[in-house]
Amino acid sequence: MYKLFKGIVAHRRLNNAVDKADQYRQVGNKRVKKKTTAGWEVEIEWREGFTSWLPMKEVKATNSVELAEYAVANRIDHEPAFDWWVRPTLKRKKRLIKLSQRRHARSGYKFGIKLPCNIEEALAIDKENDNTLWYDAIMKELGKVRVAFQPLDQGSPPPSGYQQIPYHWVFDIKMDFTRKARLVARGYKVESPPASTYSSVVSRDSIRIIFLVAALNDLNTWMSDVGNAYLNAKPREKVYVILGKEFGDQAGQYAIIVRALYGLPGSGSAYHAHYASSLRELGFESSLADPDVWRRRSTKRDGTPYYEYLLVYVDDQLTVSENPKAITDALSAKPFNYELKDVDPPNHYLGARVGPYDLDGRSTWYFSADDYLEKAIRNVEEQHGRLEDLFCKSKLGFPSSPDYHPELDQSDFCAMKKSTCIKATSGSFVGLSNSNVSTLRTPEQPWPSSWPHHERVTLTPSFEYSPT
């Protein structure tokens, strides 16, 4: 329902609606409000252009915020069917918005290195460190993303039917410590397209199975990255922006978005559909079990029939074939012209270290997170000192003391430690000790700066894909 919902246009009160005089019922010695929405219907406008009447109970279950705002705007929030839930719903909305804004404003960490929130902070970090790492990343992104903007002539008005949106910068650090900047549209300001904006990615179970298939069939595995992937597709929204000072002489001009810019609601699905059509042209078909596992019938040089596989995780792809170079070359050539980067047998994939592994004379593959954690620990010690000096010598017992609440710590050091743990668990398929898992909960209030317990990361054995 939510994907088709556009707005509430009308309401009506039926004969079975609760009156003000009958709003309360007696429970023991207390008068309690009747929590019911019976007797009210609302008229919904759908994105396809038609309207229909629905019981208020159904609309409240799926679009409670929109219904609460409609009730206040039409001055019916005092009615018995509304006054018991409208105000709490709007208060909860405001609280969640403030919480998200506070979290967005707080700088994060990766590999123990601070991530800037905007261009000004990025340049300030460069100045502090006496280098141009973030500046170079910003200029590199501008050189590639300009194709998404079609500037209008100075003084020209914005086009009719287009919506203005703001944009911002997102910063990241790669596994090799390369700084990365990304210009992103503020898509929440845009009305979502009528079509679905969902874009799937290959599942981790599929990744493990395909590595096992590669080991069983003695196939080569190559990894590659589609450079500025979304910019290969056309946008589904009609939007324009006002160019910022990073665009130099064009600052202040209107520019139409002509490519699927990162951050727009439909960009993910637009690129997903665009790339899927390219794979179909190459003869690949999507798997029924996982739509992001693509396969194509082929024959080995010795005449053995087999399937070639291509796994898609947004802009990362894994190619499994006797000759993966032929597939990547086809995607790089006309008419597709994808910019494939880091085309090589994988040594890292989705944050984990990947490599060939000899198992009793047979070649297989393994996944491990130790490379990521070693780099993270090294950066922590460079900025905060040796771990032995940061924590007590005694190990953390199990279960933890009831007075031990690391999830409440809001210090920069704890923020850095949490981001490291989350990255390790989500990207590298590893387990953590009980102490570090407990730090991943949401912080709500400050905790004393002392660290009375020793915390440590415990790696599970690397995943091995045995061909036997």
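Everything numeric here is computed off the predicted structure, so don't read it as measured data.

J.: Quick question: what am I supposed to make of the nonpolar core here?
T.: As a rule of thumb, soluble globular proteins bury nonpolar side chains together. Residues Phe149, Trp169 and Leu261 are the most contacted members of the largest nonpolar core, which totals 34 residues. Per-element accounting of this core gives the leading share, 5 residues, to helix H5 (residues 133-145). Excluding anything up to four places from it in sequence, Phe149 contacts Leu183, Val241, Leu243, Phe247, Ala255, Ile256, Ile257, Val258 and Leu261. By size, the runner-up hydrophobic cluster in this structure holds 22 residues, among which are Ala229, Tyr275, Leu279 and Phe336.

J.: Could you clarify how one ought to interpret the packing of helix H4 (residues 119-129) against H5 in this entry?
T.: When two helices pack together, their arrangement is given by the angle between their axes and by how far apart the axes lie. Packing of H4 against H5 brings their axes to within 7 Å, and their N-to-C directions diverge by 140°. On the basis of their axis angle, the class for H4 and H5 is oblique. Counted together, Ile119, Ala122, Leu123, Ile125 and Asp126 of H4 and Leu133, Trp134, Tyr135 and Ile138 of H5 form the full contact between these two elements. Looking at the contact of H4 with H5 residue by residue, the class counts come to 8 nonpolar, no polar and 1 charged.

J.: Mind showing me how you'd approach the environment of Glu58 here?
T.: Summarising the element assignment, Glu58 is placed in helix H1 (residues 56-62). Take Glu58: its relative accessible area is 43%, and that puts it in the partly exposed class. Put simply, Glu58 and Thr37 are 21 residues apart on the chain and 9.7 Å apart in space, counted from C-alpha to C-alpha.

J.: Explanation requested: unusual backbone geometry in the structure shown.
T.: Excluding glycine, residues mostly have negative phi values, and the peptide bonds linking residues are mostly trans. The step from Lys334 to Pro335 runs through a cis peptide bond, and the omega angle for that step is 5°. As for its placement among the helices and strands, Pro335 is situated in the loop between helix H8 (324-332) and strand S19 (340-344). One non-glycine residue with positive phi stands out, namely Asn228, at about 45°. Relative to the elements of secondary structure, Asn228 occurs in the loop between strand S12 (220-226) and strand S13 (239-242). Backbone geometry at Asn337 places phi at a positive 60°, although glycine is not the residue there. Structurally, Asn337 is set in the loop between H8 and S19. Residue classification places Asn337 among the partly exposed positions, given a relative accessible area of 43%.

J.: Would you explain the sheet that holds strand S1 (residues 5-13) in this entry?
T.: Sheets are built from strands paired through backbone hydrogen bonds, the pairs being either parallel or antiparallel. Taking strand neighbours across the sheet as the criterion, the 3 strands line up as S1-S4-S5 in an open arrangement whose pairing is antiparallel. At either end of the open sheet lies a strand with only one pairing partner, and these are S1 and strand S5 (51-55). With strand direction ignored, the average angle separating the axes of adjacent strands in the sheet is 30°. Here strand S4 (residues 40-46) runs beside S5; their pairing, made up of 5 bridges, is antiparallel. Following the sheet pairing, Glu43 is matched in S5 by Trp53.

Quick notes on the rules
Within each chain, residue numbers correspond to sequence positions counted from 1 in written order. Only residues with pLDDT of at least 70 are given local features in this predicted model, and only at 80 or more are side-chain atom pairs given and counted; all residues enter the totals for whole chains, interfaces and linings. Excluded from the side-chain calculation are hydrogens and water; included are all heavy atoms of the structure. Residue types Ala, Val, Leu, Ile, Met, Phe, Trp, Tyr and Cys, when buried and joined through side-chain atoms within 4.5 Å, form a set referred to as a nonpolar core. Relative accessibility thresholds used throughout: buried, under 20% of the residue-type maximum; exposed, over 50%; partly exposed, between the two (1.4 Å probe, protein chains only). Secondary structure follows DSSP: runs of H or I at least 4 residues long count as helices, runs of E at least 2 residues long count as strands, and numbering of each begins at the N terminus. Here, two residues are considered to be in contact whenever any of their heavy atoms come within 4.5 Å of each other. Inter-axis angles, ranging from 0 to 180 degrees, are taken between N-to-C directions of lines fitted to C-alpha atoms, where helices are fitted over the stretch in contact. If an angle is under 35 degrees, it is roughly parallel; if it is over 145, roughly antiparallel; if it lies from 65 to 115, roughly perpendicular; otherwise it is oblique. Here the nonpolar group is Ala, Val, Leu, Ile, Met, Phe, Trp, Tyr, Cys and Pro; Asp, Glu, Lys and Arg are the charged ones; every other residue, Gly included, is treated as polar. Pairing between strands is defined by DSSP: at least two bridges between them are needed.

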